[in-house]
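Architecture and fold: a report
Spelled out, the chains give:
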Amino acid sequence: PHMPTTEAPAPPQLRLLARLRDMAFSAVWAYKVRSFFVILGVGFGVASLTLIVTAVDGAERKAVEIVEWFGPDAALVFGGNIQKRAVGARTLTLTQDDMRGIRQSLPGVTVVVPMRSKGDIPLKYQDASVPGTQVIGATENYAEAWNWPLVEGRDLSEEDVRLASRVAILGDKPARELFGEASPVGRTILLDKFQVQVIGRLKYRGASGGGGDVDDRVIIPITTLTSRFNMDRKYFRAMRIKFLEPGRMASHVENLRSFMRMSHGLDPSQDDDFSIITADEVLKFLAVFKGGLVAFLGVTAAAAMTVGGFVLANLFSISVSERSREIGLKKAVGATSQAILLQFLMEAAILTAIGGLVGLSLGLGLGQLLTRLGMLTILFSWKVFFLSLASAVAIGVVFGMRPAKQAAALDPIAALRGDG
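Residues numbered from 1 in each chain as written. Predicted model: local features only at pLDDT ≥ 70, side-chain atom pairs only at ≥ 80, totals over all residues. Heavy atoms only, no water.

Glancing now at the overall build of the protein chain. Secondary structure assignment for the protein chain yields 13 helices and 14 strands. Across the protein chain, every contact between residues at least 6 apart in sequence was considered, and the portion connecting residues at least 24 apart equals 78%. Total accessible area on the protein chain is roughly 21,900 Å²; 61% of this is exposed by carbon and sulfur atoms. (Helix = DSSP H or I, 4+ residues; strand = E, 2+ residues; numbered from the N terminus. Contact = heavy atoms within 4.5 Å. Areas by Shrake-Rupley, 256 points an atom, 1.4 Å probe, with all protein chains shown as cover.)

Between helix α10 (residues 324–332) and helix α11 (residues 337–372), whose axes approach to 10 Å, the crossing angle comes to 140°. Judged on the interaxial angle alone, α11 and α10 are oblique. Both α10 and α11 take part in a crossing whose hand is right-handed. Contacts between α10 and α11 pair E326, I327, K330 and K331 from the former with S337, I340, Q343 and F344 from the latter. Residue composition of the contact of α10 with α11, grouped by class: three nonpolar, two polar and three charged. (Axes fitted to C-alpha atoms, helices over the stretch in contact; angles between N-to-C directions. Parallel < 35°, antiparallel > 145°, perpendicular 65-115°, else oblique. Left-handed = near helix turned anticlockwise from the far one by under 90°. Nonpolar A, V, L, I, M, F, W, Y, C, P; charged D, E, K, R; others polar.)

A surface patch of nonpolar side chains, amounting to about 750 Å² of accessible area, comprises V33, F36, F37, L40, F44, L362, L366 and L369. Going through the elements one at a time, α2 (32–70) and α11 are the ones with two or more residues in the nonpolar patch. A total of five residues in the nonpolar patch trace back to one element, the largest contributor, which is α2. Within the secondary structure layout, L40 lies in helix α2. Taking the relative accessible area as the measure of exposure, L40 reaches 34% and is therefore partly exposed. (Patch = residues over 30% accessible without salt bridge, like charges linked within 9 Å, V, L, I, M, F, W, Y side chains within 5 Å. Salt bridge = Lys/Arg side-chain N within 4 Å of Asp/Glu carboxyl O. Buried < 20%, exposed > 50% of the residue type's maximum accessible area, 1.4 Å probe, protein only.)

Helix length check: helix α12 (residues 382–408) (27 residues) gives 36 Å between terminal C-alpha atoms against 39 Å at 1.5 Å per residue, within 8%. Along its length, α12 reaches its greatest deviation from straightness, about 50°, at M401, and the proline P403 lies no more than four positions downstream. Along α12, the positions that sit buried rather than exposed are V384, S388, S391, A392, I395, G396, G400, P403, A404, A407 and A408. (Expected span 1.5 Å × (residues − 1). Bend = angle between axes of the 7 residues up to and from the residue.)

This part is about the layout of surface pockets. The calculated volume of the second largest pocket comes to roughly 240 Å³. For the second largest pocket, the lining is made up of 15 residues, of which Q96, T139, V161, I222 and T223 are closest to its centre. Residue assignment for the lining of the second largest pocket shows that the elements contributing at least two residues are α3 (96–105), β3 (109–125), α5 (158–162) and α7 (222–228). For the lining of the second largest pocket, a count of residues per class yields five nonpolar, four polar and six charged. (1 Å grid on protein atoms, 1.4 Å probe; cavity = no way out; pocket = protein on both sides within 12 Å on 5 of 7 lines; lining within 4 Å. Points joined across faces, edges and corners; volume = space filled by probe spheres on them.)

Turning next to the packing of aromatic side chains. Applying the stated criterion to the full structure yields three aromatic pairs. Aromatic pair Y125 and F179: ring centres 4.5 Å apart, planes at 45°, arrangement tilted. Placement of the pair is Y125 in strand β3 and F179 in helix α6 (residues 172–179), with a sequence separation of 54 residues. Comparing Y125 with F179 shows no difference in burial state: the two are buried. Here F310 and F399 contribute two aromatic rings whose centre-to-centre distance is 5.4 Å and whose plane-to-plane angle is 70°, an arrangement assigned as edge-to-face. Taken together, the residues span a long stretch of sequence, with F310 in helix α9 (residues 279–322) and F399 in helix α12 at a distance of 89 residues. Positioned above the aromatic ring of W148, the side-chain terminus of R205 is 4.4 Å from the ring centre. We note R240 situated over the ring of W146; from NZ or CZ to the ring centre the distance is 4.1 Å. (Phe/Tyr/Trp six-rings, centres within 6.5 Å; stacked < 30°, edge-to-face > 60°. Lys NZ or Arg CZ within 6 Å of the ring centre and 35° of its normal.)

For the rest of this paragraph, the subject is the side chain of R201. Structurally, the position occupied by R201 is in strand β8 (residues 194–202). Residue class for R201 comes out buried when judged on its relative accessible area of 8%.

Across the protein chain, the average pLDDT comes to 81, with 87% of residues at or above 70. Ranking the elements of the protein chain by mean pLDDT puts strand β9 (residues 208–209) last, at 53, and strand β6 (residues 167–170) first, at 96. (pLDDT = per-residue confidence, 0-100.)

One pass over the full model with this rule turns up nine salt bridges. D172 is the salt-bridge partner of R176, the closest N and O atoms lying 2.9 Å from each other. Of the two residues, R176 and D172 are both situated in helix α6; the distance of four residues between them amounts to about one turn of the helix. Residue class for R176 comes out partly exposed when judged on its relative accessible area of 40%.

A separate point is unusual backbone geometry. Not every positive phi belongs to a glycine, and D120 is a case in point at roughly 55°. Tracing the sequence through the fold places D120 in strand β3. For D192, which is not glycine, the phi dihedral falls at a positive 60°. Mapped onto the elements of the fold, D192 is located in the loop between β7 (188–191) and β8.

A word on the pairing of β7. Covered by surrounding structure in β7 are I189 and L191 only, the residues T188 and L190 on the alternate face being uncovered. Pairing analysis gives two bridges linking β3 to β7, with the strands arranged antiparallel. Bridge assignment links L123 to a residue of β7, and that residue is L191. One ladder, built from four bridges, connects β7 with β8; its direction is antiparallel. Residue pairing for β8: I189 is matched across the bridge by V196. Connecting β7 to the antiparallel partner β8 that follows it, the hairpin turn spans two residues, and D192 within it adopts a positive phi of roughly 60°. (Pairing = 2+ DSSP bridges.)

Right, let's talk about the packing of α11 against α12 for a bit. For the pair α11 and α12, the least separation of the axes is 7 Å and the interaxial angle reads 150°. In this structure, the crossing between α11 and α12 has a hand that is right-handed. Partitioned by chemical class, the residues of the contact of α11 with α12 number 20 nonpolar, six polar and one charged.

Next up, the structure:
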């Protein structure tokens, strides 16, 4: 026969903690208005903290992505000085001579692709249409120059450029909007009011740049764009340049800047009339952006959490006065000062933990909204969850300690008389 088994009773300390926990939950539920304000105060602080951590993590990931697709061996040259752009300053400063000189004279150069662009060009294929997209005119090897794989079809060729052929490579977005999942290669589409044949489709890149979606583009030969839209043949808007030896990019860029200044006849006192962007420049910009983001949201989070903590401390101090009879009664029947202290700290920790969860949800919700609006990239991780919860509970313990000590120090007789 089996001997009956009996479970060992829980240690007295655990039983006491369980009782205190139950009383703390009952008090949280009983004082609903107090609980609501504490949860709200802490929640706003944690929401700001959540946004900081997720936005910084997202910015780190985005920086890696951008550097990967921009390419560590490449530079993008724009006409005009982006950093010191004066009102009315010229932006069309890159010429055919610049392109030829870089191709022929600059050491280490492997690819030079000049570009012009025209925005808001409507596309149409049968019943499907795109109201307006960016059309980029480029020379041969556009996809190679941008490290941008083609899902299908081919890149622009030297012959396409020489003959001003009516051919186009579609970005992922217009390809999906016009053809869905079907292949666009070989189909003829209307670009504005003239027909072009699709020869390739770029891989989905999923990044934002220059205030727009990089996948929302159509690439045609630069000669076709120039003749079709009567654009100035002398100037380019930008040039994409690739170099050998990515480890020597600093000296490549310095050589390129010296060449461009000499080509444009600039004396030492004059600013550049062009802008050179590399992966390092992108990273510097993102670092400045991230620093500003952390500073702004950090101050907001610290202020909101401090306010939440003071709300908690003040409401708990008022609560101690209101609950003096309850505290006196507990002490009269044997509750120790330590038990009273622990109960009030548990109440504070429970409230701030709930506030932390509310703030985490609010922060992630705001983050998703900002991500959809294209303002931030939010990346959730368990680090965010535990950091938010830990900081919320820390607020509860730090700001709840004084009123908890105040409650623990009440004289039971005075408290029962209501003098506490």
